[in-house]
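Coordinate analysis (summary)
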Amino acid sequence: MKTLEDELQNARDALVWQLEEGIDECIGETPMDRFQQALPPAAAEARLGEPNSGDTAPPQAVSRHVTSRPLEPPVQIARNIPGVQSAADLASQCASIAHLEEAVRAFDGCPLKQTATNTVFADGSPDAKIMFIGEAPGADEDRQGRPFVGMSGQLLNKMAASIGLNRTNFYITNIVFWRPPGNRNPSTGEIAVCLPFVERHIELVGPDILVPLGGPAAKTLLGVQQGITRLRGKWLSYQTSNMAAPIDVLPFFHPAYLLRSPAHKRESWQDLLIIKNRLASGS
Ligand code: URA
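Residues numbered from 1 in each chain as written. Predicted model: local features only at pLDDT ≥ 70, side-chain atom pairs only at ≥ 80, totals over all residues. Heavy atoms only, no water.

What follows is about the nonpolar core. Ranked by size, the top nonpolar core spans 62 residues in total, and within it Phe132, Trp178, Phe197, Ile202, Leu210 and Phe252 carry the most contacts. Among the elements that take part in this core, helix H7 (residues 188–205) stands out by supplying eight residues, more than any other. Non-local contacts of Trp178, meaning those with residues more than four positions away in its chain, are made with Val104, Phe107, Cys110, Leu112, Lys113, Ala116, Asn118, Thr119, Pro137 and Cys194. (Core = buried A, V, L, I, M, F, W, Y, C linked by side-chain atoms within 4.5 Å. Buried < 20%, exposed > 50% of the residue type's maximum accessible area, 1.4 Å probe, protein only. Helix = DSSP H or I, 4+ residues; strand = E, 2+ residues; numbered from the N terminus. Contact = heavy atoms within 4.5 Å.)

Turning our eyes to something else, we now look at the packing of helix H3 (residues 84–92) against H7. Axis separation between H3 and H7 bottoms out at 8 Å; the angle between their running directions is 15°. Relative to H7, the element H3 is oriented roughly parallel. You can see that H3 and H7 cross each other, and the crossing is right-handed. For the pair H3 and H7, contact is made by Val84, Ala87, Ala88, Leu90, Ala91 and Ser92 and by Ala192, Val193, Pro196, Phe197 and Arg200, respectively. Grouping the amino acids of the contact of H3 with H7 by side-chain chemistry returns nine nonpolar, one polar and one charged. (Axes fitted to C-alpha atoms, helices over the stretch in contact; angles between N-to-C directions. Parallel < 35°, antiparallel > 145°, perpendicular 65-115°, else oblique. Left-handed = near helix turned anticlockwise from the far one by under 90°. Nonpolar A, V, L, I, M, F, W, Y, C, P; charged D, E, K, R; others polar.)

Turning next to the site of the ligand. Around the ligand sit Gly134, Glu135, Ala136, Pro137, Glu141, Pro147, Phe148, Asn174 and His254, and those are all the residues in its vicinity. With respect to the ligand, the side chain of Asn174 contributes an N or O atom lying 2.8 Å from a nitrogen atom. Within the side chain of His254, one N or O atom sits 2.8 Å away from an oxygen atom of the ligand. Here the ligand loses 92% of its free accessible area of 240 Å² to cover by the protein chains. Per-class residue counts for the shell around the ligand are four nonpolar, three polar and two charged. (Near = heavy atom within 4 Å. Polar contact = N/O pair within 3.5 Å; in protein donor to acceptor, adjacent residues only side chain to side chain. Areas by Shrake-Rupley, 256 points an atom, 1.4 Å probe, with all protein chains shown as cover.)

Going through the model one piece at a time under the given rule, you end up with 10 salt bridges. A salt bridge links Asp123 to Arg146; the nearest nitrogen and oxygen atoms lie 2.8 Å apart. Remark: Arg146 occurs in the loop between helix H5 (139–144) and helix H6 (151–161) and Asp123 occurs in strand S3 (residues 123–124); sequence separation between them is 23 residues. Each of Asp123, Arg146 and Arg167 takes part in a single network of salt bridges with overlapping partners. (Salt bridge = Lys/Arg side-chain N within 4 Å of Asp/Glu carboxyl O.)

Even without glycine at this site, Phe148 takes up a positive phi of about 55°. For Phe148, the position within the fold is in the loop between H5 and H6. Even without being a glycine, Asn183 presents a positive backbone phi close to 60°. Note that Asn183 resides in the loop between strand S5 (171–174) and H7. Judged by its relative accessible area of 41%, Asn183 falls in the partly exposed class.

Going residue by residue along S5, you find Tyr171 and Thr173 tucked away on one face and Ile172 and Asn174 tucked away on the opposite face as well. Pairing of S3 with S5 involves two bridges; the strand directions are antiparallel. Bridging across to S5, Asp123 finds its partner in Ile172. (Pairing = 2+ DSSP bridges.)

What follows deals with the side chain of Gln239. Its place among the elements puts Gln239 in the loop between strand S7 (236–238) and strand S8 (247–249). Separated by 3.0 Å, the side chain of Gln239 and the backbone oxygen of Met243 make a polar contact.

Below, the discussion takes up H6. Of the residues making up H6, those classed as buried are Ser152, Gly153, Leu155, Leu156, Met159 and Ala160. Projected down its long axis, H6 carries its buried residues within an arc of 160°, all on one side. More than 90 degrees from the buried face of H6, the exposed residues found are Met151 and Lys158. Of the surrounding elements, those touching the buried residues of H6 are strand S4 (130–134), S5, helix H10 (255–260) and helix H11 (265–281). (Arc of directions from axis to C-beta.)

Glancing now at the environment of Ala139. Here Ala139 shows up in helix H5. In this structure Ala139 comes out as buried when scored by relative accessible area, which is 13%. A C-alpha to C-alpha distance of 7.5 Å links Ala139 and Asn183, two positions 44 residues apart in sequence.

This is the structure:
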């Protein structure tokens, strides 16, 4: 027969399991589909673009003006996901980083904003030569409104420090500006609706070197299908139609992956040395 202590232990085990699955926020006592509530039109449209939403219209592929040296152009990305056009119109009007930040904070077209506590825009120096781009804010970032302040961020800071970089001489952001609930991966629609802002962000910062952290960031920026294991450690390039010249790109393993698989820190050390040598050469 189950004792009270057994029941309590079961409840504790269930809570621990939920925490391990990333269910770390109590939003309400009963489940609620927030997306059934009135959403701003662009957000509702971006949700339609999600892979499992039942919206089966095939995405219309449009060239993104992105080149990648060892990979085959032209690179294509779905551009007909609803909400993307309004994001693109807004982003194209932003003439400064401050203006872009204001536009992102005011933008209601990404459904992730509905469940996030804060908009996580960027950190570091916008005058830096090197710009890191991660995947999505986690719980710590959502609480503080700054990218890479949790455990991954601490590892990234250590990696950067090993080659003389810190947040006064690098810049950092993510491919989405709001935390996906429970740290799930951002959907295709959520990424697509943030992408015009991310592209404008890169244009306005104009770094010499762009470092996507992890597969989702690298694939999104480069518009390729290859996994991070194949992409990392290779110089690629990125260019939008508003850029006079391409920017060099060196994809890295995501620090969260390195925390889970420390054996791969060795390859990341090689990648850091590539950056260090490149910065030292001044080219
Ligand atoms: N992981 C990311 O990709 N971005 C953050 O800001 C934090 C963790």
